[in-house]
Amino acid sequence: MDRRRVFAGMLVAATALGTQLGTGSTAQAATVTTLYYSSSGAPDYVAQIDQAAANWNHAVTDVRLVRGSGATIVFYETNDGQGSYTTTDGHGNGQIYLDQQQVAEGYSVTRIAAHELGHDLGLADDYSGPCSELMSGHGPGTSCTNAVPDAQEAAQVQQNFAAGFAAVSPALMRLMR
C-alpha cells in the first residue's frame, strides 16, 4: 500500500514536471486558449481588427486571439445597413459581420470589431451601459470610440475560458441572442 502512495506521488510530480517542461513556463501557461481569427473577408478593416484583437489580448490572460489559418472566428464586410453583428456559440466560434454603412455613419471600426469579438468570447450586449463598457456597443453613439474592455468584461471572459475551450451554458446563449 505504501508503494502505491509513493508511485502515485511520483506520477503526480512527473506530470507536473512534464507540464512545466512542455510549456517552458508555469502551469498557468497551459490553460491559455488560443483562438485564431481571419480578417480576409474584411480587407478594408484588417488594421482595426488586429487592434481590436490586441486590445483583448492585453486585457485577458486565459485567451489569445491570433490572426492565422484554421480560424474559428471569421470577419466579413457587409453593406446591407443591418448593422454589425456576429453569429457565434459564445466560446470562440463565430462569423463577424462589419457593416460598412454603420462605419459610414461614424461608428469606430475598432470598437465594433472589439465589441463583436466580445460576443465570440461569451459576452452579451448592454446597450444602456456607458462608453467605458465595450459591450454597450452603439448605445453611447458615434462619439464613443472606446475599443478596450473594462475590468468586469475582462474578468467575465477570464471566467468563461478558465476551463479552456468548452461550451457556453444555454442560459448565456439566450442572453447573447
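Given the structure is predicted, the values throughout are model-derived calculations rather than measurements.

> How do you make sense of the overall build of the protein when you look at a structure like this?
Tallying secondary structure elements over the protein gives six helices and five strands in all. By the burial criterion, 41% of the 177 residues in the protein qualify as buried. Sequence separation of at least 24 residues holds for 60% of the intrachain contacts in the protein that already meet a minimum separation of 6. Per element, the accessible surface of the protein, about 9400 Å² overall, is 55% carbon and sulfur.

> It is not clear to me how the environment of D120 should be interpreted in this structure. Could you clarify?
Of note, D120 is situated in helix 4 (residues 109-120). Taking relative accessible area as the criterion, D120 reaches 0% and is therefore assigned buried. Taking C-alpha positions, D120 is 8.7 Å from I96, a pair spaced 24 residues apart along the chain.

> Is there a simple way to explain the pattern of salt bridges in this structure?
Once the charged atoms of two side chains with opposite charge are near each other, the side chains can pair. This model, assessed by the stated rule, comprises one salt bridge. A salt bridge links D50 to R67, with the nearest nitrogen and oxygen atoms 2.7 Å apart. Of the two residues, D50 is situated in helix 2 (residues 46-59) and R67 in strand 2 (residues 63-67); the sequence distance between them amounts to 17 residues. Residue class for R67 comes out partly exposed when judged on its relative accessible area of 46%.

> Explain the sheet that holds strand 1 (residues 33-41) here, please?
Sheet strands line up and pair through hydrogen bonds in the backbone, either parallel or antiparallel. Read across the sheet, five strands follow the order 2-1-3-5-4 without closing on themselves; strand pairing throughout is mixed. Looking at which strands have only one partner, the edges of the open sheet turn out to be strand 2 and strand 4 (85-88). Adjacent strand axes in the sheet meet at a mean angle of 20° when their direction is disregarded. Pairing of strand 3 (residues 73-78) with strand 5 (residues 94-99), which is carried by six bridges, proceeds in the parallel orientation. Pairing of Y76 across the sheet is with Y97, part of strand 5.

> So what exactly am I meant to see when it comes to the packing of aromatic side chains here?
Remark: the centre distance and the inter-plane angle together describe each pair of aromatic rings, the angle taken between the planes. For the structure on display, the rule yields three aromatic pairs. Look at Y37 and F75: their rings are 6.2 Å apart centre to centre, the planes differ by 80°, and that puts the pair in the edge-to-face class. Taken together, the residues span a long stretch of sequence, with Y37 in strand 1 and F75 in strand 3 at a distance of 38 residues. For Y37, a relative accessible area of 4% gives the class buried. Judged by relative accessible area, F75 falls into the buried class, the value being 0%. Summarising the aromatic geometry, the rings of Y76 and Y97 are spaced 5.4 Å apart at their centres and angled 20° between planes, so their arrangement reads as stacked. With Y76 in strand 3 and Y97 in strand 5, this pair connects stretches of sequence that are 21 residues apart.

> Is there a simple way to explain the state of the cysteines in this structure?
In a disulfide, the sulfur atoms of two cysteines are covalently bonded to one another. Evaluation of the coordinates by the stated rule reveals one disulfide. A disulfide bridge connects C131 with C144, and the sulfur atoms are separated by 2.0 Å. On the sign convention where negative means left-handed, the S-S torsion of about 85° between C131 and C144 marks this disulfide as right-handed. Placement of the pair is C131 in the loop between helix 4 and helix 5 (151-160) and C144 in the loop between helix 4 and helix 5, with a sequence separation of 13 residues. Of the residues examined, C144 reaches a relative accessible area of 4% and is grouped as buried.

Conventions and cut-offs
Residues numbered from 1 in each chain as written. Predicted model: local features only at pLDDT ≥ 70, side-chain atom pairs only at ≥ 80, totals over all residues. Heavy atoms only, no water. Helix = DSSP H or I, 4+ residues; strand = E, 2+ residues; numbered from the N terminus. Buried < 20%, exposed > 50% of the residue type's maximum accessible area, 1.4 Å probe, protein only. Contact = heavy atoms within 4.5 Å. Areas by Shrake-Rupley, 256 points an atom, 1.4 Å probe, with all protein chains shown as cover. Salt bridge = Lys/Arg side-chain N within 4 Å of Asp/Glu carboxyl O. Pairing = 2+ DSSP bridges. Axes fitted to C-alpha atoms, helices over the stretch in contact; angles between N-to-C directions. Phe/Tyr/Trp six-rings, centres within 6.5 Å; stacked < 30°, edge-to-face > 60°. Disulfide = S-S within 2.5 Å.

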